[in-house]
Structures are given as structure tokens and as C-alpha cells.
Amino acid sequence: FEPISVGITIGAVSLLTGYLSYKDIYCRFSECCREEQPLNASALKLDLEEKLFGQHVATEVILKALTGFKNNKNPKKPLTLSLHGWAGTGKNFVSQIVAENLHPKGLKSNFVHLFVSTLHFPHEQKIKLYQDQLQKWIRGNVSACASSVFIFDEMDKLHPGIIDAIKPFLDYYEQVDGVSYRKAIFIFLSNAGGDLITKTALDFWRAGKKREDIQLKDLEPVLSVGVFNNKHSGLWHSGLIDRNLIDYFIPFLPLEYRHVKMCVQAEMRARGSAIDEDIVTRVAEEMTFFPKDEKIYSDKGCKTVQSRLDFH
Ligand SMILES: Nc1ncnc2c1ncn2[C@@H]1O[C@H](COP(=O)(O)OP(=O)(O)OP(=O)(O)O)[C@@H](O)[C@H]1O
């Protein structure tokens, strides 16, 4: 044994463990960006299966997309998900679940950022300013935490100029101005294609087929007409689609009466109250359903369930 090198080794080891335990303690009290932390895929699966009702296609695609991306040590581009569907079908809700599974504080995390078009970018004449601010914001946040999550709600109302501003970050570049965006996740939410997704679900229902038999391949052509070739949609104008910058298009099906009931029950559970089936039925029956004759799908999805429950 050579006393000096043994001493150095012991010193180095204790410094390292000291640093690790310091980091552990620090991260317990203050939020840390744990970019190398693997995704707990079974926890995400359980969350989606237990909390998200009536969205078997979205559940499957989201699981596949996130596990694939997080298991890849060397992604070539950031993950971009585009969520489509009717109002109140769970697009924001899913983003929240995804965010919580990536960063435990979810939407409150310093590493998760939600933008709402009409709220954050309301004035068309200020587009240049918004572009500048948004680019700085994304650059700053990805530099601080590579696995940052950016959610853009109301994507169909987003000015194409704003989409242009995010486009360089979504591409296959190794770095943009010294920052790599390849571990970040971008989630876009929109109603674009919602009417055509509903039509497909309705065709299945009218043909006597089960909702659960609807597959992604049944909806892909629908999305391609409603979203990819819709010249009025911001997505089309921005060229995100023809440059293949969106990794997954995720359809959300319209919700039925039984799903609305499940939402009411979930809300009662969340409020810590016992499930009262009479109230569940009353709240669900107060919602309006379409089409006019069959009345199958809730026109607001589960959106107003929480406020309606307050009246009972
Ligand atoms: N599929 C679902 N499963 C469980 N709960 C749901 C589902 N869809 C909606 N909800 C409930 O309804 C609330 C409103 O839904 P959410 O905001 O996710 O709708 P959205 O699809 O984003 O609508 P919009 O397009 O209008 O923004 C959610 O917070 C959640 O409580």
C-alpha cells in the first residue's frame, strides 16, 4: 500500500459521496432537473389507464412515444407530439399526466412550460416581439434543463409566425447556438381534425362496431385531410408537417355518456366525497349530447363536469 494514493482515493471517494448526498438532500428540498432519470413506464401506463377515460388510441400512442424517446440515450431531435380532438376530451389533462411523469411537480415544475395562444400571444401586431421572447425563453430553459417540456395549447389559433419561431428547435440539428434541444419535449394541442375524428367514431358506432376496435390507422387518413391538408390550419402554414417535424399525431375520440359518468365519479373521488350514483346520473344527464338523433357524444366532453358538480 502506498499511503499517499490510498489517502487520495479515500479523499476522492468521500468527496464524491459527500457531493452525491448533498445533491440528494438539495434535490429533496429544491427542484432539480434530472435529465438522465429514466421514465417509469409502468407508472405512466397505470396513470393513463386509471385516469384517462375512453381514449385507448391516445393512451397507446403516448406510451409508445414517451418510452421510446426516454429509452433512447441519443435522440436525433426533440420529441414532438400533436394532440387532436374535440373540446373536453382530455388533451390538456393528458399533458398534465405526461408532465407529472417527467417532472414530479407537473405543470408547477420549473421545467414544464404551458403556452396558451390567446393568452400569451394575443396581438398580431406584436408577433415579432413574441417570436423574440419565445425563442429566448426556450433557449434559456433548455440550457437550464435539457429535458424541459413545452406545451402549446390552442395550436390552431397560434399565428404561423410563432410556429416559425419554434421550428428551428424542433429540427434535427445537433445544436442551435451551442444548445442541444434533442432531449426536450414539445406537445401541441388543437381541435383541428376533431370533427373528422368524431365522424369516424360515429361511422364505427353506426356500423355496430365497438369503439375499442378503432385503431390509429383508421384515424390517420382522417387527420391527414383535417390537419395536414387543411390550408387554414396554422400547422399547415408553418411547414411543420411537410418537414416531418411532428413525430406523432394523437387523436382524441369524442366522449360518450358512460365516460362523462366516469369523469363525475373521478371528480367526486378527488373531492373526497362518497360516490352518489344519483348525483352522477343527474350531472351526466345535464350535459348535451350529439348528433341530434342519436345523442351519443357529449359536446363539451367532460369539460363542465366539475362546475356542474358544485350545484349538487
Ligand atoms: N378522457 C378523459 N378522461 C378523464 N377525464 C377527462 C377526460 N377528458 C376530459 N376530462 C376532464 O375534463 C377536464 C377538461 O378536459 P381537458 O381540459 O383536458 O380538455 P381538452 O381536450 O384539452 O379541451 P379543449 O380542446 O377545449 O382545450 C379535465 O381536467 C379532466 O378533469
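Residues numbered from 1 in each chain as written. Predicted model: local features only at pLDDT ≥ 70, side-chain atom pairs only at ≥ 80, totals over all residues. Heavy atoms only, no water.

It is worth spelling out the overall build of the chain at this point. Looking only at helices and strands, the chain features 13 helices and seven strands. Projected onto its principal axes, the C-alpha coordinates of the chain cover approximately 90 × 50 × 35 Å. When the accessible surface of the chain is split by element, carbon and sulfur atoms take 55% of a total near 16700 Å². Charged side chains in the chain number 39 positive and 38 negative. The centres of these two groups are separated by 2 Å. (Helix = DSSP H or I, 4+ residues; strand = E, 2+ residues; numbered from the N terminus. Areas by Shrake-Rupley, 256 points an atom, 1.4 Å probe, with all protein chains shown as cover. Lys, Arg positive; Asp, Glu negative; His and termini not counted. Charge placed at Lys NZ, Arg CZ, Asp CG, Glu CD.)

The next thing to look at is the packing of helix α2 (residues 41-51) against helix α4 (residues 91-102). Where α2 meets α4, the closest approach of the two axes is 10 Å, and the angle between their N-to-C directions is 155°. Classed by the angle they form, the pair α2 and α4 counts as roughly antiparallel. The crossing of α2 and α4 is right-handed. Side by side, α2 and α4 meet where A43, L44, D47, L48 and K51 of the first sit next to F93, V94, I97 and N101 of the second. (Axes fitted to C-alpha atoms, helices over the stretch in contact; angles between N-to-C directions. Parallel < 35°, antiparallel > 145°, perpendicular 65-115°, else oblique. Left-handed = near helix turned anticlockwise from the far one by under 90°. Contact = heavy atoms within 4.5 Å.)

Attention now moves to the side chain of K167. Tracing the backbone shows K167 in helix α7 (residues 160-170). At 3.2 Å, the side chain of K167 forms a polar contact with the side chain of D164. (Polar contact = N/O pair within 3.5 Å; in protein donor to acceptor, adjacent residues only side chain to side chain.)

To continue, consider the site of the ligand. Around the ligand there are 18 residues in total, and F53, G88, K91, N92 and K303 lie nearest to it. N191 is positioned with one of its side-chain polar atoms (N or O) 3.0 Å from an oxygen atom of the ligand. The separation between an oxygen atom of the ligand and a polar side-chain atom of K303 is 2.4 Å. Alone, the ligand offers 630 Å² of accessible surface; in the complex the protein occludes 85% of this. (Near = heavy atom within 4 Å.)

Below, the discussion takes up the state of the cysteines. Tallied over the full model, the rule gives two disulfides. Between the sulfur atoms of C33 and its disulfide partner C145 the distance amounts to 2.1 Å. Between C33 and C145 the sulfur-sulfur dihedral comes to about 70°; the bridge is accordingly right-handed. A residue pair is termed long-range when its members are at least 10 positions apart, and C33 in the loop between α1 (3-29) and α2 and C145 in the loop between α6 (127-144) and β3 (149-153) qualify at 112 residues. The class for C33 is partly exposed, based on a relative accessible area of 21%. Between the sulfur atoms of C263 and its disulfide partner C302 the distance amounts to 2.0 Å. Taking the sign of the S-S torsion, 90° for the link of C263 and C302, the bridge is right-handed. Note that C263 is positioned in helix α11 (residues 257-270) and C302 in the loop between β7 (297-298) and α13 (305-309), a separation of 39 residues in sequence. Take C263 and C302: they sit in the same class, and that class is buried. (Disulfide = S-S within 2.5 Å. Buried < 20%, exposed > 50% of the residue type's maximum accessible area, 1.4 Å probe, protein only.)

To continue, consider the domain arrangement of the chain. Under the domain assignment used here, the chain contains domain 1 (41-252) and domain 2 (257-309). Inter-centroid distance (C-alpha atoms) of domain 1 to domain 2 is 26 Å. Contacts between the two partners involve 12 residues from domain 1 and, on the opposite side, 16 residues from domain 2. Where domain 1 abuts domain 2, roughly 1100 Å² becomes buried across the two surfaces, and 66% of that area is made up of carbon and sulfur atoms. In terms of surface lost to domain 2, no three residues of domain 1 exceed F53, G88 and W205, which account for 42% of the buried area on that side. Here domain 1 and domain 2 share two salt bridges between them. Between R206 and E294 there is a salt bridge, with the nearest N and O atoms lying 2.7 Å from each other. (Domains from an automatic or database assignment. Buried area = accessible area lost by both parts, 1.4 Å probe. Salt bridge = Lys/Arg side-chain N within 4 Å of Asp/Glu carboxyl O.)

So, about the packing of α11 against helix α12 (residues 277-286). Where α11 contacts α12, the two axes come as close as 9 Å, and the packing angle between them is 130°. Between α11 and α12, the angle falls in the class oblique. The two elements α11 and α12 meet at a crossing, and its hand is right-handed. Contacts between α11 and α12 involve Y257, V260, K261, V264, Q265 and M268 on the former and, on the latter, E277, I279, V280, T281, V283, A284 and E285. Of the residues that constitute the contact of α11 with α12, the class distribution is eight nonpolar, two polar and three charged. (Nonpolar A, V, L, I, M, F, W, Y, C, P; charged D, E, K, R; others polar.)

Before going further, it helps to examine the packing of aromatic side chains. Per the stated rule, a full pass over the model turns up nine aromatic pairs. Measuring from ring centre to ring centre gives 4.8 Å for F115 and F152, while their planes differ by 20°; the resulting arrangement is stacked. Here F152 lies in strand β3 and F115 lies in strand β2 (residues 112-116), a separation of 37 residues in the sequence. Each member of the pair, F115 together with F152, is buried. Summarising the aromatic geometry, the rings of F290 and Y297 are spaced 6.0 Å apart at their centres and angled 55° between planes, so their arrangement reads as tilted. (Phe/Tyr/Trp six-rings, centres within 6.5 Å; stacked < 30°, edge-to-face > 60°.)

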